[in-house]
Amino acid sequence: MERPLQKQLYAISRESSPGVRRYSMPAASADSTRKSFFGGNASCAQLPGSLKKTALTNSRLSLSVRSTQSIPGIRSDYNVVESFGCPLPVVVNEALTFAGSGAGTVTAKVTQNGWAWVVQGRRLLIWQYKDTAKSGSPPRLGKPGRRGGGLAQCRELTLPYSDLGHKSDLVSVFQTEGQQMASCIAVSATGEVRYWSSIAHDGNSVDLSILTGQEFVQLLNLPTQQGYLAVTTTCNLVFLRVGLTNGRFTLHHKTIKPATSFLGGFSKKFASILIGMNTGGDKDQALVGMCCESNSESGETVVAVLSDRAIQRWSLSNKGNAENLLYEDAEVVRRIREEFKTKFWNVRLPADNVEIDLHLLDFHLVKNKAYILAGAVNAAHAPQMCYALVTASAHAENMLLESFTPLKINKFFNAKTEEDCLSLRFVVGSSHIYLYSPKVVYPLHLSNSVPTAELEAEKIEFHLHDDRILSAAICNQMPLFFSRTHGLISITPGDFDSTEMMNLSSCNTPDLFAPNSFNASFGAPDQSALTGSTNNLHLFELDPDEMYNELSDEVGQLKAAFLYHLKRNHNMVKTIVGELLRSVTGADPNGAPIDAYKLDRIVITIAEDLAEDIPISDPRWEEALGDQESNRHAIGSSRSMQIINQLRDKIIAFQHFITFLHSSGVWEKLNAIPCGSHLLKPTSFILSDISEKIVAAMALRSLQTKLPKLIEEAIEATVALWDEKPQGSLTSQDLFYVKLSKLQNVFEALADIADDRIAAQSQTTVSVAHFVNDINSIVLDTLGQVLRHREQQASSFRLSNDKLSSYENLPWTAMAGSAGVRDTLTRLIDISVRYGGHCVSETELKQQLYQQIFELVDLVLDGRRTYLESVRDSEKFNVLQQQFEAQRRELISLLIKDRQYEYAAKLAEKYLDFQSLVLICDETQDKDRLDDYTRKYEEFDFSQFAINWHLRQNRHGEIFERFKGNQTALAQFMRDHPSLGWIQLIFNGDFERAAKVLYELGQCETEFVARKKSMLSLAKLAAFAAAESDLTAQVEKINADLTLVEYQSQLGHDVLLSFGFDSTEQKVLKAEEIINLNIAEENDTATEVEFRKALEILSYVEQPYEMRHKIWCAAIKRDNWTDYDPNNAVDYMQKLLFFRIIEISQLMGHETENFLPPMEDFLESVELGELPQQKPFQYLLKLTYEYVADMFRQPHDMEL
């Protein structure tokens, strides 16, 4: 093929097919003509220590207060959003505006080479949005790049017929040097290929059909191979090439296939993975994206193809005629899945067996680094998709996962929102990654080609109803977005002066505040820290000699030493500090007692003054105070007019002061001072509190751009609470951001505002819930920055080990009352539950509120636990521990009651609330989780705690079912609770021993008759189940005991009540007690049946003869034996209870001599009183015995 034709067909263009990101513009030109905020051209040079303002913010410490909205319907507080290039051609506007029902099928593409196109049905509309030949610098920076008045010329081509439609990703437009008109190649989803040598001639095209039965989704231009690579949804690759035969263009294709052997071409590493894992052969792999990785001088091109299972790396050479699968690595996908489990759901053990749905959403390769956007859903945890950005690099045999960055971008996930959740994509710029969905853009800051960790991006929304983002690309380092309504727009970080930032050369995010010099070594500050971002600090202009000579008190002397430290005059520092230490520890010349806290008071005074120094150059303060002389030696003053800069300067000055204390040896001499009536607080912790309040002020000030009215109202209320009034031209905000020692009162003001808003509403509405949500976000964002600062600077304020155990640690965030925020946090939790979570049906808002409740509870418990650990060896520990456990249980139970089990479980796991963990497992019926906790908290004997909890709930039977897999725990439980040992024997199949244990338990049961009956019945069942053993004798004993229990169960309700027994929960009665109740005089309804039962129970009595006599005497006393008609004595006798008992006994087959006492026993009985001496009784008794003897005489006796 001739070289000119090759140039025309396979130009090394700047096209950006999905995944291909190659840059040719030098970075040095990026800011050459940038407009400054105040007009004119800003210098492109930045100071070494400065940090360029990032568009990435979590709204907690965003460092800009600038709104740059310039396009209707699109607003950004931290980025410049502008129209780009020429207006869209009219025909393109019409296609986008009047698409009608087919609007959803319209796709568009913007590429780096200056071309853009829109696909509508079979229409392909192509225009040039930027002339790369005339623009050598990024269009963002020069005037030609901004939108002008002219219209770009549009070309329209007709795409080949396709049943599945067409996509803009399957089109490639390019123009080589010297070529007057661009060429184009398009592939339909069904594999119909069409090539136009000139986009000016629609009819002059060549067609080809390839790989029918597949669906193509992406086309990649490979200039080095003089062809194109098309890929299907199942990762099948087809190489396309345009040829010239007899002056006519022709299309040729070749299917790229892997090696024929089972593992041919695969790396050893992937082979082992493939053999050991489920390949899911029933489901084809799904394409995520295809990128061109590199081109070598030898003519080799490496292409990476990412699917939902693995990443393939192909090597193409010899103009596409030779291909080689370097390897297919599934390990990187597995690692991403495991990172999601670890980072988002704290799953660290393979045994945890947590299943998540992983979705790989987008894939790009930039400068040999792979970027993968992934989302995951843990349906068992919450219906929410979590996102992360992954970076990886290619090695000889595998892909190495380099970073995993969780993103604070979460979306509610269900069948209706699935498409929206999976629509997130991204493009990679030089300093930012831009995530985007059809309606939103999130700029993320890059540090060393890695996204900044775990921060929220600003949410730039496209608010207009019909607007959506169709495509995005990076053109000469400029991020461009194709809006359906506005056409091409650019989004770039807002302009700003480098001196506005602190010196954070090693810092990647606005969450870190420390200058380079402020680190664990406490060495001298780097000079760049003194010149880079501290131009506004007054302390660098102060003369230490002047301060040393003018201020003779200890505070002034230590300030002078600090200034000498900044000037590197170590001799003077050593001299002044030495004199100061001698003066504070030596005896007072006037005989006053030594002040043990003097040095600590001096240091704290300077720190407080530094935090509350007023801005020295603000004329309003000069007017209000009337005298600036008192502020002349202020080391915390700033010359800036902006509050945020004043606060930054204060934190820098404060950190230099802490460094000075360490390097000068003063830090080791600090102890503690009384703080309240019962607390001795270390000076280092007080200094940490002061530092944190400055950070809190910075965070709050940054949030004012997001919620200005609410925060300003809280500040006004706080200043009023202080009984302060702004003087002159000052405002309440000026006062508030100076009086930082009482900053915590603003949180109380926010809670008061929430109460007032709720009280003003006649009923709880969604607006109230949104209002509570905003207040919570302010509190959590501000305190979140404080906690991060505390963690980062922990080494700077740490006590030495010998002092650590001597003092309590109660940070201001954990203090109760007006000095802290704990009470306010508790109030907000209550407000959020009652007027937020309980009153909102909107799923996303409700989820946000419970997330905030979770974070608020975490803040409260973390503060209390920190304090508790610091008093472990003191007398108050036990009392404080009980208070902590009570509040822990109360707060976590709020989430359990509202069925927010995952939030409750996280807190219970963190703070070891085992009762809540067991309750969660019980309510969710999650035995696997209970087993996991048993293993995880084995050192805390969690299993016994869980078993005892079931015992307290009277759910004994569940113990062995839930813990049958933990024989060790059950064995220990059996030792502690031998009465339940039979259950374990039943589970083990030892029925003989179980029967014996149950019988013994039944005999020993004296409390409840129902339990006794259950034990005996189970013993009988176990005996029958022991088929291999002869337990007949034991069964007979069990039956006898069950019979006695049955006799007791037949006692009348009234009889039991008359004798004071509980008829519902009956206690176990002895045989004598059952007999007495049957024959008692109070049992006036007793008949011969009850007395017969009493006689039958005699076999259970130790002295049956005496009891038998008592029964018959009771029967005699029931009737009149003296007042009867002698002429009808027999009839009267037959009506006596005495006779009826004999009669029923005989009918039941009992012999008279076995149950009826001799007649002499009654005639001599003392129990019958005087009755035996009366003749009528004697007569009737003898008549009865004679009649009974005749009546029941055996037949053979009668014959005789």
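Residues numbered from 1 in each chain as written. Predicted model: local features only at pLDDT ≥ 70, side-chain atom pairs only at ≥ 80, totals over all residues. Heavy atoms only, no water.

- The name an unreviewed UniProt entry gives the protein chain is Nucleoporin Nup133/Nup155-like N-terminal domain-containing protein, with Drosophila gunungcola as the organism.
- If you open the UniProt record of the protein chain and go to Subcellular location (unreviewed entry), you find "Nucleus". (UniProt positions renumbered as here; feature names shortened; annotations may be inferred.)

## Focus: the overall build of the protein chain
Then comes step 1: Along the protein chain, the regular secondary structure elements total 41 helices and 32 strands.
Then comes step 2: Taken across its 1200 residues, the protein chain has 53% of its residues classed as buried.
Then comes step 3: Per element, the accessible surface of the protein chain, about 54000 Å² overall, is 48% carbon and sulfur. (Helix = DSSP H or I, 4+ residues; strand = E, 2+ residues; numbered from the N terminus. Buried < 20%, exposed > 50% of the residue type's maximum accessible area, 1.4 Å probe, protein only. Areas by Shrake-Rupley, 256 points an atom, 1.4 Å probe, with all protein chains shown as cover.)

## Considering the pattern of salt bridges
Then comes step 1: Applying the stated criterion across every chain, the model contains 29 salt bridges.
Then comes step 2: Where Asp-169 meets Lys-109, a salt bridge forms, and the shortest distance between an N and an O atom there is 3.8 Å. One end of the pair, Asp-169, is in the loop between strand 6 (154-158) and strand 7 (171-174); the other, Lys-109, is in strand 3 (residues 107-110), and 60 residues separate them in sequence.
Then comes step 3: The exposure class of Asp-169 is partly exposed, given its relative accessible area of 28%.
Then comes step 4: The class for Lys-109 is buried, based on a relative accessible area of 4%.
Then comes step 5: Where Glu-902 meets Arg-929, a salt bridge forms, and the shortest distance between an N and an O atom there is 3.0 Å. Of this pair, Glu-902 sits in helix 22 (residues 901-910) while Arg-929 is found in helix 24 (residues 927-936), placing the two residues 27 residues apart along the sequence. The pair Glu-902 / Arg-929 is uniform in exposure class, with both members buried.
Then comes step 6: Salt bridges linked by common partners bring Arg-335, Glu-339 and Lys-343 together as one network. (Salt bridge = Lys/Arg side-chain N within 4 Å of Asp/Glu carboxyl O.)

## Quick word on the sheet that holds strand 17 (residues 311-317)
Then comes step 1: Strand order in the open sheet formed by four strands is 15-16-17-18, and the pairing between neighbours is antiparallel. The strands lining the two open edges of the sheet, one partner per strand, are strand 15 (287-295) and strand 18 (322-329). Adjacent strand axes in the sheet meet at a mean angle of 20° when their direction is disregarded.
Then comes step 2: Of the pairings in the sheet, the one linking strand 17 to strand 18 comprises seven bridges and is antiparallel in character. Bridge pairing in strand 18 places Ser-315 opposite Asn-324. (Pairing = 2+ DSSP bridges. Axes fitted to C-alpha atoms, helices over the stretch in contact; angles between N-to-C directions.)

## Some points on a negative patch on the surface
Then comes step 1: Judged by side-chain charge, Asp-1054, Glu-1081, Glu-1082 and Asp-1084 come together as a negatively charged surface patch.
Then comes step 2: Following the sequence through the fold, Asp-1054 ends up in helix 32 (residues 1053-1058).
Then comes step 3: Classification of Asp-1054 by relative accessible area gives exposed; the value is 61%. (Patch = residues over 30% accessible without salt bridge, like charges linked within 9 Å, V, L, I, M, F, W, Y side chains within 5 Å. Lys, Arg positive; Asp, Glu negative; His and termini not counted. Charge placed at Lys NZ, Arg CZ, Asp CG, Glu CD.)

## A short note on the sheet that holds strand 8 (residues 183-187)
Then comes step 1: Pairing within the open sheet is antiparallel, and its four strands lie in the order 7-8-9-10. The open sheet is flanked by strand 7 and strand 10 (205-209), the only strands paired with a single partner. Recorded for the sheet is a direction-independent mean angle of 10° between the axes of neighbouring strands.
Then comes step 2: For strand 7 and strand 8, the ladder comprises four bridges, and the chain directions are antiparallel. The residue bridging Val-173 from the neighbouring strand is Cys-184, located in strand 8.

## Quick word on the packing of aromatic side chains
Then comes step 1: Scanning all chains against the criterion turns up 26 aromatic pairs.
Then comes step 2: With a centroid separation of 5.4 Å and an interplanar angle of 75°, the aromatic rings of Phe-562 and Phe-657 are classed as edge-to-face. With Phe-562 in helix 8 (residues 554-566) and Phe-657 in helix 12 (residues 643-664), this pair connects stretches of sequence that are 95 residues apart. For the pair Phe-562 and Phe-657, a shared accessibility class is recorded, and that class is buried.
Then comes step 3: With a centroid separation of 5.4 Å and an interplanar angle of 65°, the aromatic rings of Trp-1121 and Phe-1177 are classed as edge-to-face. With a gap of 56 residues between them, Trp-1121 in the loop between helix 35 (1104-1117) and helix 36 (1129-1134) and Phe-1177 in helix 40 (residues 1175-1191) connect regions that are remote in the sequence.
Then comes step 4: Residue classification places Trp-1121 among the buried residues on the basis of a relative accessible area of 1%.
Then comes step 5: Taken together through their ring pairs, the aromatic side chains of Trp-1112, Trp-1121, Phe-1138, Phe-1162, Phe-1177 and Tyr-1185 make up a single cluster.
Then comes step 6: Positioned above the aromatic ring of Phe-771, the side-chain terminus of Arg-757 is 3.9 Å from the ring centre.
Then comes step 7: A cation over a ring is seen here: Lys-906 above Phe-854, with NZ or CZ 5.8 Å from the ring centre. (Phe/Tyr/Trp six-rings, centres within 6.5 Å; stacked < 30°, edge-to-face > 60°. Lys NZ or Arg CZ within 6 Å of the ring centre and 35° of its normal.)

## A few points about the packing of helix 34 (residues 1088-1096) against helix 37 (residues 1137-1147)
Then comes step 1: Relative to each other, helix 34 and helix 37 sit at 65°, their axes nearing to 9 Å. In this structure, helix 34 meets helix 37 at a crossing whose hand is right-handed. Across the interface between the two elements, Glu-1088, Val-1089, Phe-1091, Arg-1092 and Leu-1095 of helix 34 pack against Leu-1137, Arg-1140, Ile-1141, Ile-1144 and Ser-1145 of helix 37. (Left-handed = near helix turned anticlockwise from the far one by under 90°. Contact = heavy atoms within 4.5 Å.)

## A word on the environment of Ser-298
Then comes step 1: With respect to the secondary-structure elements, Ser-298 resides in the loop between strand 15 and strand 16 (301-307).
Then comes step 2: Residue Ser-298 is classed as exposed on the basis of its relative accessible area of 68%.
Then comes step 3: Sequence separation between Ser-298 and Thr-224 is 74 residues; the distance between their C-alpha atoms is 9.8 Å.

## Overview of the pairing of strand 14 (residues 248-256)
In regular strands, side chains alternate between the two faces of the sheet.
Then comes step 1: Pairing geometry for strand 13 (residues 237-245) and strand 14, over nine bridges, is antiparallel. Each bridged residue has a counterpart across the sheet, and for Thr-245 the counterpart in strand 14 is Arg-248.

## Description of unusual backbone geometry
Then comes step 1: One non-glycine residue, Asn-368, adopts positive backbone phi at about 65°.
Then comes step 2: Tracing the backbone shows Asn-368 in the loop between strand 19 (357-366) and strand 20 (369-377).
Then comes step 3: The backbone of Arg-568 shows a phi angle near 65°, a positive value even though the residue is not glycine.
Then comes step 4: Counting through the fold element by element, Arg-568 comes out in the loop between helix 8 and helix 9 (570-585).
Then comes step 5: On the basis of relative accessible area, Arg-568 is assigned to the partly exposed category, the value being 33%.

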